[in-house]
Amino acid sequence: NRVVDGYTVVLSLDWVKTRVRLIGIDTPETVHPPKPVEHYGQEASTFLKNLLRGESVSLEYETEAVSTDKYGRTLAYLYRVPDGLFVNAEIVRQGYGHAYTRFPFKHMEQFREYERIAREAGKGLWAESRVHDRKR
């Protein structure tokens, strides 16, 4: 398993290296060619690496047919095998990304709620905005 950025991983699926885009989340950019590294992007990538380090994972798809995005990445929900941790949700819950609501998905309301709670608690990428708000 290799983490590309805060929402993309490369997994070996049936001995084939497959790029997987985690459904329902977005994190600051770190590897997008024309864009600079965004604030908190490196922290989000490191968080995902730490979540997955040395662990097996399982995938779940939004629909019965496996779908891909415009970059050819497989769209999936990722679960850590030993404890069943829902990785996509954990990224939002801990404030390392936000709910990506451009396209509807089955966990959207849950992810929006996790994002609201993380933002109000000043977790992760929301911490700086809390500090900024207090200075006003």
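Rules behind the numbers
- Residues numbered from 1 in each chain as written.
- Predicted model: local features only at pLDDT ≥ 70, side-chain atom pairs only at ≥ 80, totals over all residues.
- Heavy atoms only, no water.
- Helix = DSSP H or I, 4+ residues; strand = E, 2+ residues; numbered from the N terminus.
- Contact = heavy atoms within 4.5 Å.
- Polar contact = N/O pair within 3.5 Å; in protein donor to acceptor, adjacent residues only side chain to side chain.
- Buried < 20%, exposed > 50% of the residue type's maximum accessible area, 1.4 Å probe, protein only.
- Salt bridge = Lys/Arg side-chain N within 4 Å of Asp/Glu carboxyl O.

1. Topic: the environment of Arg93
Part 1: Position of Arg93 among the secondary structure elements: in helix H2 (residues 87–93).
Part 2: For the pair Arg93 and Glu113, spaced 20 residues apart in the sequence, the C-alpha separation amounts to 8.7 Å.
Part 3: In this structure, Arg93 is in contact with Tyr114, Ala118 and Lys123, ignoring residues within four places of it in sequence.
Part 4: Among the polar contacts listed, one links the side chain of Arg93 to the side chain of Glu90, at a separation of 3.0 Å.

2. Examining the environment of Leu51
Part 1: With respect to the helices, strands and loops of the structure, Leu51 is situated in helix H1 (residues 41–52).
Part 2: Classification of Leu51 as buried rests on a relative accessible area of 10%.
Part 3: Put simply, Leu51 and Leu85 are 34 residues apart on the chain and 9.1 Å apart in space, counted from C-alpha to C-alpha.
Part 4: With sequence-adjacent residues up to four places away left out, Leu51 is seen in contact with Arg80, Leu85, Val87, Glu90 and Ile91.

3. Overview of the pattern of salt bridges
Should the charged atoms of two oppositely charged side chains come close, the side chains can pair.
Part 1: A full pass over the atoms with the stated rule returns nine salt bridges.
Part 2: Across the salt bridge formed by Arg119 and Glu115, the nearest N and O atoms sit 2.9 Å from each other. Taken together, the positions of Arg119 and Glu115, both in helix H3 (residues 108–121) and four residues apart, correspond to about one turn of that helix.
Part 3: Judged by relative accessible area, which is 14%, Glu115 ranks as buried.
Part 4: Notably, a salt bridge pairs Glu120 with Arg116, separated by 2.8 Å at the nearest N-O pair. Residue Glu120 and its partner Arg116 are located together in helix H3, separated by four residues, close to a single helical turn.

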